[in-house]
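Each chain is listed here by its residues.
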Amino acid sequence: MSETAIVFDIQRASLHDGPGIRTTIFLKGCPLKCLWCHNPEAVNPAQQLFFHFDKCMQCGDCVAVCETDVHHLTDGKHTIDFEKCTLCGKCVEACNSNALKIKGKAMSIDEVMHEIMADIDFYKNSGGGMTLSGGEPLLQLTFCIELLKRCREKGVHTCVETSGFISAEQFQKILPWVDIFLFDYKVTGSTEHQKYTGVPNERILENLDVAYQHGIPIILRCIVVPGINDNDLHFMGICDLDAKYPDLKGIEILPYHTMGNNKRTSIGKEETLTDLETVPAEVAGKWVQKLKKLGCEKVSLSR
Ligand code: SF4
Ligand code: SF4
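Residues numbered from 1 in each chain as written. Chains lettered and ligands numbered in written order. Predicted model: local features only at pLDDT ≥ 70, side-chain atom pairs only at ≥ 80, totals over all residues. Heavy atoms only, no water.

*Asks:* Any chance you could explain the nonpolar core here in plain terms?
*Replies:* If you look at soluble globular proteins, the nonpolar side chains tend to sit buried side by side. Counting 69 residues, the largest nonpolar core has Trp 36, Ile 116, Ile 174 and Phe 181 as the members making the most contacts within it. Per-element accounting of this core gives the leading share, 7 residues, to helix 5 (residues 141-153). Every residue in contact with Ile 174, bar those within four places of it in the chain, is listed here: Leu 138, Leu 141, Cys 144, Ile 145, Leu 148 and Phe 181. Residues Leu 49, Phe 51, Cys 91 and Leu 100 belong to the second largest nonpolar core, which totals 12 residues. (Core = buried A, V, L, I, M, F, W, Y, C linked by side-chain atoms within 4.5 Å. Buried < 20%, exposed > 50% of the residue type's maximum accessible area, 1.4 Å probe, protein only. Helix = DSSP H or I, 4+ residues; strand = E, 2+ residues; numbered from the N terminus. Contact = heavy atoms within 4.5 Å.)

Structural data, given as structure tokens:
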């Protein structure tokens, strides 16, 4: 039987997830708990209810159909008891404002390939292809390998965006099928890494090394969060990797933004880093200049 995965989004015509025009497949599930996570709906590997607060008209239709008393309209406020949701989907169907969704859908390789192949001409003309993202896509390793193989067969360029937090044995299995990695480098120093992401980084750095030694092109992706890793130690850590791996295809700086917090509320999670705002472009630009001055020539600003 064909493998399936829990997919929480498919973005076509993506320009930010690897070279050219791409279709990005977002898989659910992540072993990290980054404080700044911009896709919090990806962390839980299972399906979950997602509520767009701003779209709700407070009509009460969801309250009427829900058999487990999840929705409450009190004093002009719509509150949700996410824990009680059985994912029956009745409120999603009843809501005419599109305020409710079930995030995550089991999709087969064939179904995902169908989406990917729809844009084959764009890939050919732009040097693009398919990107696997998440969450941590490699948590659903068998599906990933099968999908990457199918892309290869069809001549579709493959990119994997990963935290690198996966066993060495599992990581080896994916290597033959990856044309380029977008590899996260989040925090310098394993203790600090554990503090802000929930996991140490030794295994991540080992996998980065293995991918590089294997000759797979790598773009390093570095989220920078004020007060957490916008410091000299981390910037030097990025420069050290640049020096150690001179054939890196690029180093992208991703400035912190607050979008993740809106989504956390939508799945019933507490907001994090509430004292932080989205990083202004001029501040992010200064980080890039600083890294260049430190000798990191291939650094650039990403979204
Ligand atoms: S999906 Fe079903 S159980 Fe969950 S809130 Fe909606 S109606 Fe209630
Ligand atoms: S059905 Fe939709 S619009 Fe109406 S109260 Fe529920 S979430 Fe809001």
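*Asks:* I would appreciate a short explanation of the environment of His 71 in the present structure.
*Replies:* Mapping His 71 onto the fold places it in strand 4 (residues 71-74). What makes His 71 buried here is its relative accessible area of 3%. The residues touching His 71, leaving out its near neighbours within four places in the chain, are Leu 49, Cys 62, Val 63, Cys 66, His 78, Thr 79, Ile 80, Cys 91 and Leu 100. Of note is the side chain of His 71, whose polar atom sits 2.9 Å from the side chain of His 78. (Polar contact = N/O pair within 3.5 Å; in protein donor to acceptor, adjacent residues only side chain to side chain.)

*Asks:* For this particular structure, what's the right way to read the site of ligand 1?
*Replies:* The full set of residues close to ligand 1 is Leu 49, Cys 66, Thr 68, Val 70, His 71, Cys 85, Thr 86, Leu 87, Cys 88, Gly 89, Lys 90 and Cys 91. By residue class, the composition of the shell around ligand 1 is 7 nonpolar, 4 polar and 1 charged. (Near = heavy atom within 4 Å. Nonpolar A, V, L, I, M, F, W, Y, C, P; charged D, E, K, R; others polar.)

*Asks:* Is there a simple way to explain helix 7 (residues 190-197) in this structure?
*Replies:* Side chains three or four residues apart in an α-helix point the same way, a direct result of the helix having 3.6 residues per turn. Those residues of helix 7 lying buried are Ser 190, His 193, Tyr 196 and Thr 197. One face of helix 7 carries all of its buried residues, which in axial projection span an arc of 135 degrees. Exposed residues pointing more than 90 degrees away from the buried face of helix 7 are listed as Thr 191 and Lys 195. Buried residues along helix 7 sit against helix 8 (202-213). (Arc of directions from axis to C-beta.)

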